[in-house]
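The lines below spell out each chain.
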Amino acid sequence: MVSARIPLVAGNWKMNFDHLEAVYFVQKLAWLLRDAHFDFRKCEVALMPAFTALRSVQVLVEADKLKIHYGAQAVSVTSQGAFTGDVSADMIARLGCRYVIVGHSERRKYHPEDDANIVDQVRAVLAAGMQPILCVGESFEERRQGIELEFAVGQVRDVTRDLSDEEAGKLVIAYEPVWAIGTGMVATGQSAQDAAHAIRMSLRTTFGRNVCDSVRILYGGSVTSRNAVELITEPDVDGFLIGGAALDVNELSTIARLTVKTTSDAAK
Ligand code: 13P
């Protein structure tokens, strides 16, 4: 990555860590990054705990004035009412969340979340003053057919087509090929770059240059400290959405530090 976009290293904890484990992790991450003189102006670090841990993370972050951001993994499309088990965007925003993951492939698979529903989630998150991390990416079958770029770009287009430029500018997009999630099969730097570039060019066509240049496009899928440098070196890859490796505090802090080092070296 060589650009004015500040990289984002985001940990998606999925259904892991209760609130006590979350607090312990955030404290340890803060210590590790402080010890390493981590420069938060050069890389944002964010965590996406389960709903049950958000309040505890908020209290810790605010009490210790930590520079770590956090967000939710899902959101209801409605603002209140008889929707048992759902959590509204306003409730999430009240907990100081900056981000909400929208359209993760595990949500698309295990819940009735189609593109229309995902559009509504994006709108709900934006209306509550937060930033959606919109996940897109092809399955193994689309890659086998050689249509992975059209597929990921199509998903972005379907979800963003009715957004204003201002709304689109607040998106973070995570390119997460489904075959790479939790499998240990990571995309090459080149194929992550190809997808991120195709998505960026499509944003340019739909929204123009400002949105194209400012929206951060993350890569997700089996990211570890061993492959992070190759991926972040690519000009259109602006950070990571990390699952498994974000459950290991040493791993996550190493990936964040490598991201700063690699992007700072490239900017020299
Ligand atoms: P893994 O890093 O475990 O492959 O998960 C990626 C992911 O789904 C992040 O949202």
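Above this note sits the structure.
These numbers come from a predicted model, not from an experiment.

> Honestly, the overall build of the chain in this entry has me stumped. Any pointers?
Looking only at helices and strands, the chain features 12 helices and eight strands. For a compact globule of 268 residues, the expected C-alpha radius of gyration is about 18 Å, and the chain comes in at 17 Å, within 12% of that figure. Counting only C-alpha atoms and orienting by the principal axes, one finds that the chain spans roughly 55 × 45 × 35 Å. The buried share among the 268 residues of the chain stands at 54%. Pairs at least 24 residues apart make up 74% of the contacts formed inside the chain by residues separated by at least 6 positions. For the chain, the computed accessible surface area is about 12300 Å², with 53% contributed by carbon and sulfur atoms. Between the centroid of the 28 positive side chains of the chain and the centroid of its 34 negative side chains there is a distance of 6 Å.

> Explain unusual backbone geometry here, please?
When glycine is set aside, most residues are seen to have a negative phi, and most peptide bonds are trans. Backbone geometry at Lys14 places phi at a positive 50°, although glycine is not the residue there. Within the chain, His37 stands out as a residue other than glycine whose phi angle is a positive 50°. Tracing the chain through its elements places His37 in the loop between α1 (19–35) and β2 (44–48).

> Just checking my understanding: could you explain the pattern of salt bridges for this structure?
Enumeration according to the criterion identifies 17 salt bridges in this entry. Residues Arg143 and Glu148 are paired through a salt bridge, measuring 4.0 Å at the closest nitrogen-oxygen approach. Given a relative accessible area of 24%, Arg143 falls into the partly exposed group. Between Glu166 and Lys170 there is a salt bridge, and its shortest N-O distance comes to 3.5 Å. Each of Arg5, Arg200, Asp236 and Asp238 takes part in salt bridges that share partners, so that together they form one network.

> How do you make sense of α1 when you look at a structure like this?
Structural remark: α-helix, 3.6 residues per turn; residues separated by three or four positions point the same way. With 17 residues, α1 ought to run about 24 Å at 1.5 Å a step, and its terminal C-alpha atoms sit 24 Å apart, in line with that. Residues Ala22, Phe25, Val26, Leu29, Ala30 and Leu33 constitute the buried set of α1. Buried residues along α1 cover an arc of 135° about the axis, so they all sit on one side. Residues Leu20, Tyr24, Arg34 and Asp35 are exposed on α1 and point more than 90 degrees away from its buried face. In the core, the buried residues of α1 are packed alongside β2, α2 (51–63) and α12 (249–267). One side-chain oxygen at the N-terminal end of α1 lies 3.0 Å from the backbone nitrogen of Leu20; it belongs to Asp18. At the exit of α1 stands His37, carrying a positive phi of roughly 50°.

Parameters and conventions
- Residues numbered from 1 in each chain as written.
- Predicted model: local features only at pLDDT ≥ 70, side-chain atom pairs only at ≥ 80, totals over all residues.
- Heavy atoms only, no water.
- Helix = DSSP H or I, 4+ residues; strand = E, 2+ residues; numbered from the N terminus.
- Rg over C-alpha atoms; globule rule 2.2 N^0.38 Å.
- Buried < 20%, exposed > 50% of the residue type's maximum accessible area, 1.4 Å probe, protein only.
- Contact = heavy atoms within 4.5 Å.
- Areas by Shrake-Rupley, 256 points an atom, 1.4 Å probe, with all protein chains shown as cover.
- Lys, Arg positive; Asp, Glu negative; His and termini not counted.
- Charge placed at Lys NZ, Arg CZ, Asp CG, Glu CD.
- Salt bridge = Lys/Arg side-chain N within 4 Å of Asp/Glu carboxyl O.
- Expected span 1.5 Å × (residues − 1).
- Arc of directions from axis to C-beta.
- Polar contact = N/O pair within 3.5 Å; in protein donor to acceptor, adjacent residues only side chain to side chain.

Interpretation note: all reported values are geometric properties and have no functional meaning in isolation.
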